[in-house]
Every structure is written in C-alpha cells, then in structure tokens.
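# Breakdown of the fold
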Amino acid sequence: ADVNGNLDYAEQCVEAGKFVHFDKPPGSDMKRFRSLLEEAMKRRRVVQMGYQWRYHPAFQAVMQAARQGWLGQLYRFHASIDKLILADERKLLAKFRGGMMFSEGCHLIDCAVAVLGKPRKVTGFLRHDGTLPDSLADNNIAILEYDQAIAEISLAGFHPRGTSHRFVEISGWNGSARLQPYTFPSRLTVDLAKAAGPYNAGEQTIDLAAPPGLGYTPDFREMASVIRNGSRPTYSVGHDLTTHETLLRVCGMLG
C-alpha cells in the first residue's frame, strides 16, 4: 500500500539501468511519474505498468470488440468493481484521498483510456458511506466525458459477494459486449444488430474457462520479449501518462 515507496524503488531501478514492472497505481505525484518515464526513455528502458486486466483474455475479448469496430461507433464504457473491504485494508487505502478509486479504480480507468483515449472532462464522486471512522472513500463513481461517449466507473467496499458482480460493458451503435464476472469462469455476452468479426447478429453468450498461465505471466512474457528482442510494448508511455493523470484528476489529487 506504500505506493510512493514503490515510486522510490522504481526511480532507483531506472537510474541503475534496469527494466521495471511497476505495481499500480504509480504514486500520487504526477510530476515524479512523468520524470520517471522520461528518464527510462533516455536510458532505453521500459517501465511496464501492472494494471491487472491488460492481458486478461476475457477482458481483452470485450476490448477487442470495441477496438475492431465490431460494436460500431462507441458511446458508453460502463464497469464496476465491488469488494468487501475489512478494517485493516481500509486503514491502508484511507491514506490517499481517492481511497478505493485510487487503489482499484485505476485498473478500469486504464481500460477506458485504452478504448476511448484521453477524456475531455473528468469528474469524481468520492463518498465515505461506511460506519468505521477511517475516512476511506468507499463508495465512488468516476465519470469520463468524451465528444461522443461517456465512461462510468463505479466501485464500493461493501458487497460480501462483490467479486461475482463485477462487470465491464462497452456499447456502440451496432450493439454491446459485456463480461461478468472478471474472474474465471466468466461469461461474455455479445449482442449485435449486424454480424461483425467472429460474432453473429443477435445475442450470444460464451462461457470462458481459465487458460493456463493466467495472472501476471503474460505481462512478464511481454517484458521478456522487450528485453531480449527489442519488441515494442503494447502500452505506450503516452497511454500510461494519460491513465495516471486521469486517475489523479478523478481522485482530486491533481490541480
């Protein structure tokens, strides 16, 4: 939970000429994070962000449907994370004004930015609705506004079975793709007016089982290819900066 401590370590690693896999979120100081990435580029090193669903195959199926244009002109990104946060974890998350949004919402902001780009307006609703006197922002919504679309990201720390209710849904003028829950076994529901990509017209559901090597294995495989073969990372420095700037603005941590 010491995210600024992680930033200290990342800076030391880059200064020592190392490649870095950086846990989320990358600190509360946008200027330091920008400087870290700039220094890494100067040294021809890569800082890989550890956002949880970047390489998650079920999550990526939804993202692919949006990016490939199969859903048509996009108008909405809607996603939610609920989990039961107990007292000890609440104390750790309460250190930052953004609370759960800062710690958990960053994953979904990363996905929204990957699909829709940099929002033109960002609004965060950060509420403390729990009974413990810890000031944790535990019931939150982020609204990201675009010229032709809107993203809504919500999360709260109360649902005792929150994991099974987590979902992401992306909608466009040709239909929608929805994943619920994120964890396996998960279900992908695609509902299209016209057939597109591998999907037929109408509603279809696909039950997805966990593939081998889940977790952060795909991240590390990509990093290995970057180091050994000079491969280009899937996510750019520009994307990582936009994601973190958006997160900090949602959390009221950036002027």
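Residues numbered from 1 in each chain as written. Predicted model: local features only at pLDDT ≥ 70, side-chain atom pairs only at ≥ 80, totals over all residues. Heavy atoms only, no water.

Moving on, we come to the overall build of the protein chain. Secondary structure summary: the protein chain contains eight helices and ten strands in total. Over its C-alpha atoms, taken along the principal directions, the protein chain stretches across nearly 55 × 50 × 40 Å. Expressed as a percentage of the 255 residues in the protein chain, the buried residues total 49%. Contacts spanning at least 24 positions in sequence make up 66% of the contacts within the protein chain whose residues lie at least 6 apart. For the protein chain, the accessible surface area stands at approximately 12,400 Å², while carbon and sulfur atoms represent 49% of it. Charge centroids of the protein chain, computed over 30 positive and 27 negative side chains, lie 4 Å from each other. (Helix = DSSP H or I, 4+ residues; strand = E, 2+ residues; numbered from the N terminus. Buried < 20%, exposed > 50% of the residue type's maximum accessible area, 1.4 Å probe, protein only. Contact = heavy atoms within 4.5 Å. Areas by Shrake-Rupley, 256 points an atom, 1.4 Å probe, with all protein chains shown as cover. Lys, Arg positive; Asp, Glu negative; His and termini not counted. Charge placed at Lys NZ, Arg CZ, Asp CG, Glu CD.)

Before going further, it helps to examine the layout of surface pockets. Summary: where empty space remains is shown by rolling a probe the size of a single water molecule over the atoms. The computed volume of the largest pocket comes to approximately 300 Å³. Around the largest pocket, the lining is made up of 20 residues, and of these Val46, Pro233, Tyr235, Ser236 and Val237 lie nearest the centre. At the level of secondary structure, the elements contributing two or more residues to the lining of the largest pocket comprise helix H2 (30–42), strand E2 (47–49), helix H7 (217–229) and helix H8 (237–250). Counted by class, the lining of the largest pocket contains twelve nonpolar, three polar and five charged residues. (1 Å grid on protein atoms, 1.4 Å probe; cavity = no way out; pocket = protein on both sides within 12 Å on 5 of 7 lines; lining within 4 Å. Points joined across faces, edges and corners; volume = space filled by probe spheres on them. Nonpolar A, V, L, I, M, F, W, Y, C, P; charged D, E, K, R; others polar.)

Okay, the pairing of strand E3 (residues 74–82) next. Bridge count for E3 against strand E7 (residues 167–172) is six bridges, and the pairing is antiparallel. The residue of E7 that forms the bridge with Leu74 is Gly172. Note that E3 and strand E6 (residues 150–156) share seven bridges and pair parallel. Within E6, the residue paired with Ala79 across the bridge is Ile153. (Pairing = 2+ DSSP bridges.)

Let us now look at the sheet that holds strand E10 (residues 202–208). Sheet architecture is open: eight strands sit in the order E4-E5-E6-E3-E7-E8-E9-E10, paired in mixed fashion. Looking at the sheet topology across the chains shown, the edges are occupied by strand E4 (121–127) and E10. Strand-to-strand twist of the sheet, defined as the mean angle between neighbouring strand axes without regard to direction, takes the value 10 degrees. Strand contacts of helix H3 (residues 57–67): E3, E7, strand E8 (175–180), strand E9 (186–192) and E10, with the helix running at about 170 degrees to E8, the strand carrying the most contacts. Running over the sheet, helix H5 (residues 99–116) touches E3, E4, strand E5 (139–145), E6 and E7 and is turned about 160 degrees from E6. (Axes fitted to C-alpha atoms, helices over the stretch in contact; angles between N-to-C directions.)

Here we come to the nonpolar core. Note on soluble globular proteins: their nonpolar side chains tend to be buried together. In this structure, Phe22, Phe59, Phe77 and Tyr182 are the most contacted members of the largest nonpolar core, which totals 70 residues. Tallying contributions element by element places H5 first for this core, with eleven residues. Among residues more than four places away in sequence, those in contact with Tyr182 are Trp53, His56, Phe59, Ala79, Ser80, Ile81, Leu108, Arg166, Phe167 and Val168. (Core = buried A, V, L, I, M, F, W, Y, C linked by side-chain atoms within 4.5 Å.)

As a further point, take H2. For H2, which comprises 13 residues, the first-to-last C-alpha distance of 18 Å matches the rise-based estimate of 18 Å (1.5 Å per residue) to within 8%. Taken residue by residue, H2 has Met30, Phe33, Leu36, Leu37 and Ala40 as its buried positions. For H2, the angular spread of the buried residues around the axis is 125 degrees, confining them to a single face. For H2, the exposed residues set more than 90 degrees away from the buried face come down to Lys31 and Lys42. Buried residues belonging to H2 abut helix H1 (3–15), strand E1 (20–22), E2 and H8. In this structure Asp29 caps H2, since a side-chain oxygen of it lies 3.0 Å from the backbone nitrogen of Lys31. Looking at the residues trailing H2, positive phi occurs at Arg44, about 55 degrees. (Expected span 1.5 Å × (residues − 1). Arc of directions from axis to C-beta. Polar contact = N/O pair within 3.5 Å; in protein donor to acceptor, adjacent residues only side chain to side chain.)

Moving on, we get to the environment of Ser135. Of note, Ser135 is situated in the loop between E4 and E5. The class for Ser135 is exposed, based on a relative accessible area of 55%. As for Ser135 and Leu214, which are separated by 79 residues in sequence, their C-alpha atoms are 35 Å apart. Not counting residues within four places of it along the chain, the set of residues in contact with Ser135 comprises Ala94 and His128.

Given a rise of 1.5 Å per residue, 18 residues ought to cover 26 Å, and the 24 Å separating the end C-alpha atoms of H5 matches this to within 8%. Along H5, the sharpest change in direction is near 60 degrees and occurs at Gly105. Burial runs high along H5: 17 of the 18 residues are buried. One or two residues past the end of H5 sits Gly117, with phi positive at roughly 90 degrees. (Bend = angle between axes of the 7 residues up to and from the residue.)

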